[in-house]
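Commentary on secondary and tertiary structure
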Amino acid sequence: MIEAAMVVDQAASTRWPKAYAGVAVDVPVQLLLVQRIPTLGFDAAVRGLVPGMTVRFADARYPRLTLDAWVADISADYDYWQRRGVPLRHVSAAPGQYVEVGTDDPQHDAGKIRAHYPHMTLHVVQGVIAVPATAR
């Protein structure tokens, strides 16, 4: 099952970078869920990559290529936001949908962050400070 997801991920991200948003595995149901921007021939081609597997498709707003670029752009601006009193706690993509940005005060920070990245679909949420685990 995991191998099938890896096959889909590799092929789809290479062959359809403007359509492919991600793949998830539902092990109990034995299902691959592929997120994509509907594209002629995509669904049939993906099913052909993993014959015998149950594959379902979900519509995405953005391909992974776009969301990964947005995450990289925001991540590159950590120091910029730190200097402005807006420490970013995390930046991650919700496959196919938006970028999530965690801050200490999302109500206060959301307007500034969205204004700085007007072309991005962002969810600004309460972030969590990462605490490193230590061995005893």
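First, a word on scope: everything that follows refers to the structure included in this document. Throughout this description, residue numbers start from 1 for each chain and increase along the sequence as written. pLDDT decides what is reported in this predicted model: residues at 70 or higher carry local features, side-chain atom pairs at 80 or more are listed and counted, and totals for whole chains, interfaces and linings draw on all residues regardless. Heavy atoms from the whole structure form the basis of all side-chain values; hydrogens and water molecules are not counted.

1. Some thoughts on the nonpolar core
By size, the foremost hydrophobic cluster in this structure holds 17 residues, and its most contacted members are Ile74, Leu88, Val99, Val101, Ile113, Tyr117 and Leu122. Per the convention used, a helix needs a DSSP run of H or I reaching at least four residues, while a strand needs a run of E reaching at least two, with both numbered from the N terminus. Contributions of two or more residues to this core are made by helix 3 (64-76), strand 4 (88-94), strand 5 (98-103), helix 5 (106-116) and strand 6 (122-126). Ranked by residue count, the leading element in this core is helix 3, at four residues. As used here, the term nonpolar core means buried Ala, Val, Leu, Ile, Met, Phe, Trp, Tyr and Cys residues forming a set that is joined through side-chain atoms within 4.5 Å. Categorising residues by exposure relies on relative accessible area from a 1.4 Å probe, with only protein chains included: less than 20% of the type maximum marks a residue as buried, more than 50% marks it as exposed, and the intermediate range marks it as partly exposed.

2. Some words on the pattern of salt bridges
For this document, the term salt bridge refers to a Lys or Arg side-chain nitrogen within 4 Å of an Asp or Glu carboxyl oxygen. For the structure shown, the criterion picks out four salt bridges. In this structure, aspartate 43 engages arginine 36 in a salt bridge whose closest nitrogen and oxygen atoms are separated by 2.9 Å. Assigned by exposure class, aspartate 43 and arginine 36 land together as buried. Put simply, aspartate 104 and arginine 89 hold a salt bridge, and the shortest N to O gap is 2.8 Å. A residue pair is termed long-range when its members are at least 10 positions apart, and aspartate 104 in the loop between strand 5 and helix 5 and arginine 89 in strand 4 qualify at 15 residues.

3. Considering the environment of isoleucine 2
Position of isoleucine 2 among the secondary structure elements: in helix 1 (residues 2-15). Between the alpha carbons of isoleucine 2 and alanine 24 there is a distance of 9.2 Å; along the sequence they are 22 residues apart.

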